[in-house]
Amino acid sequence: MANARRTRRRRIEPSRRPLASSPSLTPKDLLRRLLAGLLVVPGQAVAGYRRLEARAFGLGLGKVCRPAAATVAVGGMSPDCRGRVMLTSWLLGWAAARGVSTAVAGPVGDGCPPASPFQVLPGSSLDEAGIEAALLARYSPDGRFLIDADPRIAAAAAVRAFAPSMLVLQDALGEPRLRRDLELAILTPDDLGPGFGRVFPAGSWRRGADALSRAAAFIIHAGPQSLDAAMAAAERRLAGYGKPIFGMTFSLWRWRGPDGPAPAPAGQPYVAILGETDRDSLPDLIRADLGAQPRMAFFVHDRHRFTRQDFEHLRADAVRLRTAVAVTSPRFDLKLRQGGSQLSGLSVWTYDPEVVFGPRLLTDQPFLAWWETRLAEVLTERLGA
């Protein structure tokens, strides 16, 4: 019996050792954490500099622009924050429906405009306007959109040119050189995870978390399938600020083919070209709308610039897979259309999104009611001033 018991123990022990000794982190994860830890101090230094900068402009030690219009800043903590185009386009659509004259002032971003400031129109060169400005011009084709490397120049020029009642400042969250009446801070699941509050180079944020205290409301942008989890994270991270928290996601409103809005290419085999941040929701939305899986899905970095070789490989893959349809996101649609003759025989399709405001926290009002109440207050204050 004693020998039998020892045998059983020897059989059990090997199964325990791997559980106890197997590392939960790979060497790459450990290296990443080590580097992140080393960069915390530089990140804190950058955040401190941004605080001093904001304080200096607040004390009048630098030139500040106060636009002669109700000014609404839309932006995120990270340069790559998604949702800015979606929220701004919703605001412009709301303004058009309510008869509120509006203009947009934005940064140069990844564009290289030939003039200062530069008016972005539908059909403006992607290289000149940049991806976000070009998308907004597609969704709001009245041309009341100016960009400049100095946000003060863009804002002042937009007010002079268009005399709007409401000026939307694109990607201007926490911008100390501009006076803002309302700030809508967009945060994504990446912002609400371990990277929360980590300023570059320790993380992706441009300013410290103290910048969030000036926001009038938080907009949590996520895919339909991940919005509930993002809202739970937002409650943990943001409840202490005491500001309303609104979820924002999207659905597919209509399809856009090579010649503009058109019925969905349902029933046709297709390939999908999507960004890495599209993985969590967009493939499922496209599949549900078109009724089929893609014959192949390509995922690339959101900032990827397609080369001639990329276009040639894509066309060759489409021929091999016997499809003449490529389905993509609105951002990549603009990039792929630059392929021109190199994509001959392959038609590029995308969608126009419909903004959907989801659950809310720390307020009884849905976003539409909250927004109209707050803007009315600002307009009344401005007229009274």
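Calculation rules
- Residues numbered from 1 in each chain as written.
- Predicted model: local features only at pLDDT ≥ 70, side-chain atom pairs only at ≥ 80, totals over all residues.
- Heavy atoms only, no water.
- Helix = DSSP H or I, 4+ residues; strand = E, 2+ residues; numbered from the N terminus.
- Buried < 20%, exposed > 50% of the residue type's maximum accessible area, 1.4 Å probe, protein only.
- Contact = heavy atoms within 4.5 Å.
- Areas by Shrake-Rupley, 256 points an atom, 1.4 Å probe, with all protein chains shown as cover.
- Polar contact = N/O pair within 3.5 Å; in protein donor to acceptor, adjacent residues only side chain to side chain.
- Pairing = 2+ DSSP bridges.
- Right-handed = clockwise from strand over helix to strand, strands pointing away.
- Axes fitted to C-alpha atoms, helices over the stretch in contact; angles between N-to-C directions.
- Parallel < 35°, antiparallel > 145°, perpendicular 65-115°, else oblique.
- Left-handed = near helix turned anticlockwise from the far one by under 90°.
- Nonpolar A, V, L, I, M, F, W, Y, C, P; charged D, E, K, R; others polar.
- Core = buried A, V, L, I, M, F, W, Y, C linked by side-chain atoms within 4.5 Å.
- Domains from an automatic or database assignment.
- Lys, Arg positive; Asp, Glu negative; His and termini not counted.
- Salt bridge = Lys/Arg side-chain N within 4 Å of Asp/Glu carboxyl O.
- Expected span 1.5 Å × (residues − 1).
- Phe/Tyr/Trp six-rings, centres within 6.5 Å; stacked < 30°, edge-to-face > 60°.
- pLDDT = per-residue confidence, 0-100.

Concerning the overall build of the protein chain
Helix and strand content of the protein chain: 12 helices and 13 strands. Buried residues in the protein chain amount to 46% of all 385 residues. Across the protein chain, contacts joining residues at least 24 apart in sequence account for 77% of those joining residues at least 6 apart. Element-wise, carbon and sulfur atoms account for 55% of the exposed surface of the protein chain, whose accessible area totals about 19300 Å².

So, the side chain of Thr102
By secondary structure assignment, the location of Thr102 is in strand β2 (residues 102-106). A polar side-chain atom of Thr102 sits 3.0 Å from the main-chain carbonyl oxygen of Val100. Setting aside residues no more than four positions away along its own chain, Thr102 makes contact with Leu92, Ala95, Arg144, Pro164, Met166 and Val168.

Looking at the environment of Tyr139
Within the secondary structure, Tyr139 is located in helix α6 (residues 131-139). For the pair Tyr139 and Met86, spaced 53 residues apart in sequence, the C-alpha to C-alpha distance is 9.4 Å. Filtering out sequence-adjacent residues up to four positions away, Tyr139 remains in contact with Val85, Ser89, Pro330, Tyr351, Asp352 and Pro353.

Considering the pairing of strand β1 (residues 70-76)
The side chains of a regular strand alternate between the sheet's two faces. Burial analysis of β1 places seven of its seven residues in the buried class, which makes it a mostly covered element. Both faces of β1 are covered, namely the face carrying Ala70, Val72, Val74 and Gly76 and the face carrying Thr71, Ala73 and Gly75. In this structure, β1 lies alongside strand β5 (residues 166-170), joined through five bridges in parallel fashion. Following the sheet pairing, Ala70 is matched in β5 by Met166. As paired strands, β1 and strand β6 (residues 182-187) are joined by five bridges and run parallel to one another. Following the sheet pairing, Ala73 is matched in β6 by Glu183.

A short note on the pairing of strand β11 (residues 296-300)
Two strands pair when backbone bridges link them, and strand β10 (residues 271-275) and β11 are joined in this way by five bridges, in the parallel orientation. Within β11, the residue paired with Gly275 across the bridge is Val300. Crossover connection from β10 via helix α9 (residues 282-290) to parallel β11: handedness right-handed.

Looking at the packing of helix α4 (residues 84-98) against α6
What describes two packed helices is the angle between their axes and the distance between those same axes. One way to put it is that α4 packs onto α6 with a least axis distance of 10 Å and a crossing angle of 30 degrees. Judged by the angle between their axes, α4 and α6 are roughly parallel. At the point where α4 passes α6, the crossing takes the right-handed sense. Residues Arg84, Val85, Thr88 and Ser89 of α4 pack against Glu132, Leu135, Leu136 and Tyr139 of α6. Grouping the constituent residues of the contact of α4 with α6 by class yields four nonpolar, two polar and two charged.

Notes on the nonpolar core
Residues Leu184, Ile286, Phe367 and Trp371 are the most contacted members of the largest nonpolar core, which totals 56 residues. The dominant element in this core, judged by the number of residues it contributes, is α4, at eight residues. Counting only domains with at least three residues in this core, you end up with domain 1 (70-244 + 362-384) and domain 2 (253-353). Apart from the residues within four sequence positions on either side, Phe367 is in contact with Leu87, Trp90, Leu184, Ile219, Phe246 and Phe357. Counting residues in each nonpolar core, the second largest holds 23 residues, with Met77, Val199, Trp205 and Ala211 among its members.

Some remarks on the side chain of Asp148
With respect to the helices, strands and loops of the structure, Asp148 is situated in the loop between β4 (145-147) and α7 (151-162). Buried and unpaired, Asp148 has Arg177 as its nearest opposite-charge partner, separated by 8.4 Å.

Examining α4
Compared with the 21 Å implied by 1.5 Å per residue over 15 residues, the 21 Å span of α4 between its first and last C-alpha is a close match. Counted residue by residue, α4 has 11 buried out of 15 residues, so it is predominantly covered. For α4, the complete set of buried residues consists of Arg84, Val85, Met86, Leu87, Thr88, Ser89, Trp90, Leu91, Leu92, Trp94 and Ala95. Once α4 finishes, Gly99 follows within two positions and takes phi at roughly 75 degrees, a positive value.

Some words on the packing of aromatic side chains
Aromatic rings in a pair are described by how distant their centres are and how their planes are angled relative to each other. Taken as a whole and assessed by the stated rule, the structure comprises 12 aromatic pairs. Ring geometry for Trp94 against Trp371: centres 5.6 Å apart, planes inclined by 80 degrees, an arrangement best described as edge-to-face. Note that Trp94 is positioned in helix α4 and Trp371 in helix α12 (residues 367-384), a separation of 277 residues in sequence. Comparing Trp94 with Trp371 shows no difference in burial state: the two are buried. Ring centres of Phe196 and Trp205 lie 5.0 Å apart, and the angle between their planes is 70 degrees; on these two criteria the pair is classed as edge-to-face.

A short note on the environment of Arg206
With respect to the helices and strands, the residue Arg206 is situated in the loop between β6 and β7 (217-221). With sequence-adjacent residues up to four places away left out, Arg206 is seen in contact with Arg50, Gly76, Met77, Ser78, Pro79, Arg84, Asp171 and Val199. A distance of 2.9 Å separates a polar side-chain atom of Arg206 from the backbone oxygen of Gly76.

Quick look at the confidence of the model for the protein chain
The share of residues in the protein chain with pLDDT of 70 or more is 90%, and the mean pLDDT across the chain is 88. Within the model, pLDDT remains below 50 along residues 1-23, and this stretch shows one contact once partners closer than five positions in the same chain are excluded.

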